[in-house]
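# Per-entry structural report
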Amino acid sequence: MALITYLLAELESLKINVKKLYLDRGFFNTPVIRWLQALDIPFLMPAIKTGKKGGIKQFLKGKKSYKTTYTITRDKDDFVTFDLWVVCKYRKGKHKKHGVQYFVYVAYKVKTNLNYIYQDYRKRFGIETSYRLKNICRIKTNNKNPVLRLLFIGISFLLINIWVNLLWLKISRKRKGSRLIYRTLFTLKQMLAFLSQAIQRKYQVVESIYIPSG
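Notes on the structure follow. In this text the structure is predicted, and so the values were computed from the model without any measurement.

Take the overall build of the chain next. Helix and strand counts for the chain stand at six helices and seven strands. What you see for the chain is a C-alpha radius of gyration of 24 Å, clearly larger than the 17 Å of a compact globule of 214 residues, by over 25%. Taking the principal axes of its C-alpha atoms as reference, the chain extends roughly 85 × 40 × 35 Å. About 16000 Å² of surface is accessible on the chain, with carbon and sulfur atoms providing 57% of the total. The distance from the centre of the 42 positive side-chain charges to the centre of the 11 negative ones in the chain is 15 Å.

Along an α-helix, residues three or four positions apart point the same way, because every turn accommodates 3.6 residues. Every buried residue belonging to helix α2 (residues 30-39) is among T30, V32, I33 and L36, and all of these are buried. Of the surrounding elements, those touching the buried residues of α2 are α1 (2-13), β1 (21-22), β2 (43-46), β3 (66-75), β4 (78-90) and β5 (100-108). Measuring from the side-chain oxygen of the N-cap residue of α2 to the backbone nitrogen of V32 gives 3.0 Å; that N-cap residue is N29. In the segment just after α2, D40 is the residue with positive phi, at about 60°.

With that settled, the discussion passes to the pattern of salt bridges. If you walk through the whole model with that rule in mind, you get two salt bridges. The residue D78 makes a salt bridge to R34 at a minimum N-O spacing of 3.0 Å. Here R34 lies in helix α2 and D78 lies in strand β4, a separation of 44 residues in the sequence. Using a relative accessible area of 14% as the deciding quantity, one classes D78 as buried. Taking relative accessible area as the criterion, R34 reaches 34% and is therefore assigned partly exposed. For D40, the salt bridge is made with K109, and the minimal N-O distance between the two is 2.6 Å. In this pair, D40 is assigned in the loop between α2 and β2 and K109 in the loop between β5 and α3 (117-121), connecting sequence segments 69 residues apart. A relative accessible area of 39% means that D40 is categorised as partly exposed.

Taken together, the five strands give an open sheet; going across it, the order is β1-β2-β5-β4-β3, and neighbouring strands pair in mixed fashion. Sheet topology places β1 and β3 at the edges, where each strand pairs with a single neighbour. Sheet topology places β2 next to β5; four bridges connect them, and they run antiparallel. Among the inter-strand pairings, P46 is bridged to a residue of β5, identified as Y105. Helix-sheet contacts for α2 involve β1, β2, β3, β4 and β5, and the interaxial angle to β4 is about 95°.

The subject of this paragraph is helix α5 (residues 146-170). Over its 25 residues, α5 extends 36 Å from the first C-alpha to the last, a length consistent with the 36 Å expected when each residue adds 1.5 Å. Of all the residues in α5, the buried ones are F152, S156, L159, I160, W163 and L167. Structurally, the start of α5 carries an N-cap: the backbone nitrogen of V147 is 3.0 Å from a side-chain oxygen of N145.

Let's shift gears to the nonpolar core. Counting residues in hydrophobic clusters, the biggest one holds 26 residues, and the most contacted among them are F28, F43, M45, F82, L84 and V106. Breaking this core down by element, the ones donating at least two residues are α1, α2, β2, β3, β4 and β5. With near-sequence residues (within four places) excluded, M45 lies in contact with L23, D24, F27, F28, V32, I33, L36, V104, Y105, V106 and Y121. If you look at the next biggest cluster of nonpolar residues, it comprises 11 residues, including L159, F186, M191 and L192.

Moving on: the side chain of S156. Tracing the sequence through the fold places S156 in helix α5. When its relative accessible area of 0% is taken as the criterion, S156 is described as buried. From its side chain, S156 meets the backbone oxygen of I153 in a polar contact 2.5 Å long. In this structure, S156 is in contact with K134, C137 and R138, ignoring residues within four places of it in sequence.

Rules and cut-offs
Residues numbered from 1 in each chain as written. Predicted model: local features only at pLDDT ≥ 70, side-chain atom pairs only at ≥ 80, totals over all residues. Heavy atoms only, no water. Helix = DSSP H or I, 4+ residues; strand = E, 2+ residues; numbered from the N terminus. Rg over C-alpha atoms; globule rule 2.2 N^0.38 Å. Areas by Shrake-Rupley, 256 points an atom, 1.4 Å probe, with all protein chains shown as cover. Lys, Arg positive; Asp, Glu negative; His and termini not counted. Charge placed at Lys NZ, Arg CZ, Asp CG, Glu CD. Buried < 20%, exposed > 50% of the residue type's maximum accessible area, 1.4 Å probe, protein only. Contact = heavy atoms within 4.5 Å. Polar contact = N/O pair within 3.5 Å; in protein donor to acceptor, adjacent residues only side chain to side chain. Salt bridge = Lys/Arg side-chain N within 4 Å of Asp/Glu carboxyl O. Pairing = 2+ DSSP bridges. Axes fitted to C-alpha atoms, helices over the stretch in contact; angles between N-to-C directions. Expected span 1.5 Å × (residues − 1). Core = buried A, V, L, I, M, F, W, Y, C linked by side-chain atoms within 4.5 Å.

The values are spatial; any link to function lies outside them.
The structure is reproduced here in structure tokens:
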């Protein structure tokens, strides 16, 4: 809760208006949910599927998505009530599994349609993926200079954006309602390999250093 409060304060100092928060399931607890409701900030987070007969698991039933409410009670005066959105997705043989798969979210003043909530929450994975990709092309260094390290991180994100732009403009095609991107035909590692080869050809690689005797 302290972390959320700190980050929201930082955003406020930068005059950035928060329209909706996407939180990880690690924030699913009574104090955080109650605090966000008090701040009156729209948010969405997965609910941890606790309980055997009661708890969140009691809502994992049926074949249609639906909305309900749920109350977590830790003590007589320590509880919180919130909207619970249960989304049903059919595996259709994915990962050799069949049947209904349930996704449960805590939603507060979220305007997203119930049928779109699953795709809406998956937007946050794009941010996480960019950080994972960043590590592929980040320059490794033992230098503790924060300015230099920040520069290297900035370069890595720049390379990712160049790659994404190339995919969108050159290695994709339009289709009805969206665009089909052939990501496997030109991976980030391939682009980095091409850049490495170009740099080596232009500046050459120093394979040995001559140290004069005496």
